[in-house]
Number of protein chains: 2
Amino acid sequence: MAAWAELDVLARSPYDLTAPGALSPARIHGYTAHAAGIDLLYATQRVDDAALCALQRLAEESGAIPQFLLMKKGAVLNRIEGYASEERQVLHTACRDIFAPVTPAPEASAQAKAELDKLADFLAALDSGAIVNAAGEPFTDLIQIGIGGSDLGPRALYLALAAYRIAGRRVHFVSNVDPDDAAATLAGLDLARTLVNVVSKSGSTLETMTNEELARKAFAEAGLEPSRHFLAVTGKGSPMDNPARYLRSFYMFDSIGGRYSATSMVGAVMLGFGLGYPQLMEILRGAHAMDLAAEEPDILRNPPLLLALLGIWNHNFLGCETLAILPYSQALVRFTAHLQQCDMESNGKSVTRQGKPLAWKSGPIIWGEPGTNGQHAFYQLIHQGTAIVPAEFIGFRRSQHGRDLLIEQTTSQEKLVANLLAQALALATGQPHENPNRRFAGNRPSAVLLADRLTPYTMGALLALYEAKVVFQGFIWNINSFDQEGVQLGKKLAVRLLAHYAGLRQNPGYSGEATDVLGWALLSAAGMLAE
Amino acid sequence: MAAWAELDVLARSPYDLTAPGALSPARIHGYTAHAAGIDLLYATQRVDDAALCALQRLAEESGAIPQFLLMKKGAVLNRIEGYASEERQVLHTACRDIFAPVTPAPEASAQAKAELDKLADFLAALDSGAIVNAAGEPFTDLIQIGIGGSDLGPRALYLALAAYRIAGRRVHFVSNVDPDDAAATLAGLDLARTLVNVVSKSGSTLETMTNEELARKAFAEAGLEPSRHFLAVTGKGSPMDNPARYLRSFYMFDSIGGRYSATSMVGAVMLGFGLGYPQLMEILRGAHAMDLAAEEPDILRNPPLLLALLGIWNHNFLGCETLAILPYSQALVRFTAHLQQCDMESNGKSVTRQGKPLAWKSGPIIWGEPGTNGQHAFYQLIHQGTAIVPAEFIGFRRSQHGRDLLIEQTTSQEKLVANLLAQALALATGQPHENPNRRFAGNRPSAVLLADRLTPYTMGALLALYEAKVVFQGFIWNINSFDQEGVQLGKKLAVRLLAHYAGLRQNPGYSGEATDVLGWALLSAAGMLAE
């Protein structure tokens, strides 16, 4: 692509944020973009108008927007040309297109709407007392059992919006196959008043099936009938698609990948229980507004596309291997972990959509923790380390709880936002000093995402912004962002190792040495064969 | 250093783990090291005996062991020669040397012992009912208010060992200046039966002071006298060193940096309350055992030093910018976050201990999440992405709760360990395939740390292992791992921005435009000046 070559040249002398006057009020005010209640401030990136023009051309040459529109209409984008691959549509946006006057993928939106209607009925029955436990009491708690996309996105959304929870209702999560995870959660609850929402598209995910069995056993031991407490979210025809075992069953579809499924039934059942149906609709509305904004071809008016391009500039042209996502909000404590999955599982790839080896770097490593906590932890390296870490800060002008205190004439929320902005400024400008240990080189790029308040609507918009960003980057890198073949080999080898345990349990004289020399040696060196 | 040049040559053809026979049972059994109940398996690193010999020489040429011994004796290692710097001893090991027959730093160990004795008395008084609330009831909950080192390490230890907690006692943490953090925690507790442990060495940490004020206000509003509930852990002579305001005060000392302070009073008061004094002693005993093992000059018999050197091999010679630390244990859910601080704040530096610019890379970016969860999230990139991510896996042969279930002839704990080992194997060997999207290149290095069970002793040993690893790497890179000048600039700019809020609050006509053109523009562009 011509734009790629042009960016290569521009990257030899990227914009110097430490030069006198480089960061001016005009630049700070001008380098902003807005959509769905979210402001993107990018004056502290190492770009000027020439670089932005080249990035605009990169977006155009790669067909990012036309592909995004095709995706929303149901094109089969989850594929590798000429090789066996998933061959699926990519329609997470259809869950939100239910609000559009004309829906781009009518069948998928109709499926989504039908499941939402089932959910609305179920939630109304919980509210009215039509569905209660065996003792006639309402349910107060829900445990979501799922892993990966069935855990991280839903959990991130619930924690973000716990301030909006229905009084007396709480949600818990069990994901890890670690038996201590389930044990600790089950031990703390009144199971008689607890629902369990089991989420697995295949209905055969090792961790989820194991934890479901652990939970069913705990319910049975407590004298409770699991089919009065357990809900299923699964694919049609999966081993879990068995309504006799569940109080209610909801469907998920092949066109929505796990890491993009938070606004499908994967997140909706739990969010509907915890926050109520109207708040769930607000999340979807916010996401829909951002999905629409992402269709804008002018990158300066399209925050997800602009953020995607700035990411490519930092990663492919300025050589930064990672991206820190740093929310200045304790409620977003698990949002970075969700984005870590959404981004790295989508774009951690090495072949093109034509099955050729990639000649450029694909997705960066995503990491981060909430601020201001991180400032007291790893920011030392971001400011003075030998690696350059681009940062994306996320903040809110007002707090959720509204419970705040004026200390030395400023509120805690003001302290939070002041710290966020101060970091962006410090990273960009740096500081000369006669003591070399107190020098800051500056020119460390960052972007700031700001919204008024972390509401369900804003959370939906923020989620959709990052989903679109990841998808745009995949289009530009020409990779399939929607499969995950890289998780298969480890799974396969784990099954082989587990067969040795099972073999030993059935026959103490069993040996796997002949059939699996390395696996057997590893189990032995790990001390796992000595009982 | 000669060894450095030698390693540079060796790194041109690092050991190829994908070659036939490269990974043999003999290598898997031979490439192991052991200390304090922890096994290190490193057959899946890209090293052979020649590389290990060169790493041994690197350790010797850099004086890693003699410097470690000097550190434990109280040498002033927290300094930059010829420039203003902290000029402090580094004596976190002295907290554990209380068990040594001859203590290398007698004064620091005596201080640690004196504080532990005060703590033992206090805990005994809680147990006996000599200290109760105004209504004569025992305390059931404790909130730790602290940030950075006063939060991450203590929190990681408490969560790791919650299975060992005293029945009826719970610990909570408030760290972020985000007012929602404190509000959510305070709202869920019976304050009348709650202690608050405020931890700040300087007694002036913005976040901690703010949260203490929020908490004191909540207690006062509930009609409770804060001085009957609040504990202090602070430096002698700090603004918080005022016993009249606190039920009990404990001291922390300048010779222990925040990120190394988990086994000082910073963690001990909370752990003593939650787990009891005997379990606290077990943590210290495990740490002490590893501190002793770290003195061993033969790198093959010194797990922390070997892990430090393998890290340098991957980072400086094989060019890997990050390190993923992946515990296969839900209880270690925050351990990686603690290590992220301990490592990145220590070694994210750009000048030598002589104040010269570094000519080599210092500390890597540390990140990670517990397995198996991560497998369903970001492992795609680790297996098939364009970046190479070295991994350190941590696992345990037996679970903590012991509540497990046999499904398809294997327990959950067996599934957990089988997955861990399978990942190490898959990353090392890779897999050829006719479908390019199902190929795994292999040669992705990892190490495995295994212990029998996550007990207080093992947790102490694991903590000390990583502390020593970080310290050794700093010695070899010739940097000061014990200061954190890089956090100052952001703090300074935040104070400047906050002055604008305060100015506006006192005088609506206030403008910061003339005195702070960029800060004022940033506040304005962020929409923070419109009330």
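Bear in mind that the values here come from a model prediction, so they are computed numbers and not experimental data.

### Looking at the relation of the copies chain B and chain A
1) Next: When chain B is brought onto chain A, the operation consists of a screw motion whose angular component is 180° and whose axial shift is 0.0 Å, with 0.0 Å RMSD remaining. Such values leave the two copies arranged in the relation of a two-fold axis. Residue Trp367(B), judged by its C-alpha, is the member of chain B lying nearest the rotation axis, at 3.2 Å.
2) Next: An overlap of 99% is found between the interface residues of chain B and their copies at the interface of chain A, pointing to a shared contact surface.

### Examining empty space enclosed by the protein
1) Next: In the structure shown here, the tally under the stated rule is twelve cavities of 30 Å³ or more.
2) Next: There is about 170 Å³ of room inside the largest cavity.
3) Next: Grouping the constituent residues of the lining of the largest cavity by class yields eight nonpolar, six polar and four charged.

### Some details on the interface of chain B and chain A
1) Next: On the side of chain A, 139 residues touch chain B, which itself brings 140 residues to the contact.
2) Next: Carbon and sulfur atoms supply 63% of the area that chain B and chain A bury against each other, a total of about 12200 Å² over both sides.
3) Next: When the buried area of chain B at its contact with chain A is split by residue, His376(B), Gln380(B) and Arg403(B) rank highest and sum to 6% of it.
4) Next: Across the chain B-chain A interface, the total number found is six salt bridges.
5) Next: In this structure, Arg334(A) engages Glu369(B) in a salt bridge whose closest nitrogen and oxygen atoms are separated by 2.7 Å.

### Some remarks on the sheet that holds strand β11 (residues 446-451) of chain B
Residues and elements named next belong to chain B.
1) Next: Judged by pairing direction, the sheet is mixed, and its six strands sit side by side in the order β1-β2-β11-β10-β8-β9 without closing on themselves. Edge positions in the sheet fall to β1 (32-35) and β9 (365-367), since each of these pairs with one other strand and no more. For this sheet the average axis-to-axis angle between neighbouring strands, irrespective of direction, equals 20°.
2) Next: With four bridges joining them, strand β8 (residues 322-327) and strand β10 (residues 391-396) adopt parallel strand pairing. The partner of Pro327 across the bridge, within β10, is Ile394.

### Section: the domain arrangement of chain A
1) Next: Under the domain assignment, chain A is made up of domain 1 (2-61 + 297-401 + 420-482), domain 2 (92-285) and domain 3 (486-525).
2) Next: Here domain 2 of chain A and domain 3 of chain A have C-alpha centroids that lie 34 Å from each other.

### Some details on the pairing of strand β2 (residues 38-41) of chain A
Residue and element names in this part refer to chain A.
1) Next: Neither face of β2 is left uncovered, since the one carrying Ile38 and Leu40 and the one carrying Asp39 and Leu41 both have all their residues buried.
2) Next: Across four bridges, strand β1 (residues 32-35) lies against β2 in antiparallel orientation. The partner of Thr32 across the bridge, within β2, is Leu41.
3) Next: Where β1 folds back onto β2 in an antiparallel hairpin, the turn is made up of two residues, including Ala36, whose phi is positive at roughly 50°.
4) Next: Bridge count between β2 and strand β11 (residues 446-451): four bridges; the pairing is antiparallel. Considered in β11, the bridge of Asp39 is made with Leu450.

### Description of the pattern of salt bridges
Residue and element names in this part refer to chain A.
1) Next: Going through the model one piece at a time under the given rule, you end up with 56 salt bridges over all chains.
2) Next: Between Arg79 and Glu87 there is a salt bridge; the shortest N-O distance is 3.3 Å.
3) Next: Owing to a relative accessible area of 40%, Glu87 belongs among the partly exposed residues under this scheme.
4) Next: Connected through salt bridges with shared partners, the residues Asp39, Arg397, Arg398 and Asp452 form a single ionic network.

### Quick notes on the sheet that holds strand β9 (residues 365-367) of chain A
Residue and element names in this part refer to chain A.
1) Next: Read from one edge of the open sheet, six strands run β1-β2-β11-β10-β8-β9, paired in mixed fashion. Pairing within the sheet leaves two strands with one partner each, and these edge strands are β1 and β9. Averaged over all adjacent pairs, the angle separating strand axes in this sheet is 20°, with direction ignored.

### Points about the state of the cysteines
Residues and elements named next belong to chain B.
1) Next: Counted according to the given criterion, the structure contains zero disulfides over all chains.
2) Next: The structure places no disulfide on Cys95, whose sulfur is separated from the nearest cysteine sulfur, that of Cys342, by 14 Å.
3) Next: Classification of Cys95 by relative accessible area gives buried; the value is 5%.

### Quick notes on the packing of helix α14 (residues 412-429) of chain A against helix α8 (residues 206-221) of chain B
1) Next: It is the contact of α14(A) with α8(B), at a shortest axis distance of 11 Å, that shows an interaxial angle of 165°. Here α8(B) runs roughly antiparallel to α14(A), going by the angle between their axes. Classified by chirality, the crossing of α8(B) by α14(A) is left-handed. Judged by residue contacts, Ser412(A), Lys415(A) and Asn419(A) of α14(A) engage Leu206(B), Thr210(B) and Leu214(B) from α8(B).
2) Next: Tallied by class, residues from the contact of α14(A) with α8(B) come to two nonpolar, three polar and one charged.

### A word on the packing of aromatic side chains
1) Next: Taken as a whole and judged by the stated rule, the model has 28 aromatic pairs over all chains.
2) Next: An aromatic cluster is built from Trp4(A), Trp313(A), Phe317(A) and Trp360(A), whose rings are joined through pairwise contacts.
3) Next: Over the ring of Phe230(B) we find Arg216(B), and its NZ or CZ is 4.6 Å from the ring centre.
4) Next: Sitting above the plane of the Tyr251(B) ring, Lys236(B) keeps its charged end 5.0 Å from the centroid.

How each quantity is defined
- Residues numbered from 1 in each chain as written.
- Chains lettered and ligands numbered in written order.
- Predicted model: local features only at pLDDT ≥ 70, side-chain atom pairs only at ≥ 80, totals over all residues.
- Heavy atoms only, no water.
- Least-squares fit on C-alpha atoms with pLDDT ≥ 70 in both.
- Contact = heavy atoms within 4.5 Å.
- 1 Å grid on protein atoms, 1.4 Å probe; cavity = no way out; pocket = protein on both sides within 12 Å on 5 of 7 lines; lining within 4 Å.
- Points joined across faces, edges and corners; volume = space filled by probe spheres on them.
- Nonpolar A, V, L, I, M, F, W, Y, C, P; charged D, E, K, R; others polar.
- Buried area = accessible area lost by both parts, 1.4 Å probe.
- Salt bridge = Lys/Arg side-chain N within 4 Å of Asp/Glu carboxyl O.
- Pairing = 2+ DSSP bridges.
- Helix = DSSP H or I, 4+ residues; strand = E, 2+ residues; numbered from the N terminus.
- Axes fitted to C-alpha atoms, helices over the stretch in contact; angles between N-to-C directions.
- Domains from an automatic or database assignment.
- Buried < 20%, exposed > 50% of the residue type's maximum accessible area, 1.4 Å probe, protein only.
- Disulfide = S-S within 2.5 Å.
- Parallel < 35°, antiparallel > 145°, perpendicular 65-115°, else oblique.
- Left-handed = near helix turned anticlockwise from the far one by under 90°.
- Phe/Tyr/Trp six-rings, centres within 6.5 Å; stacked < 30°, edge-to-face > 60°.
- Lys NZ or Arg CZ within 6 Å of the ring centre and 35° of its normal.

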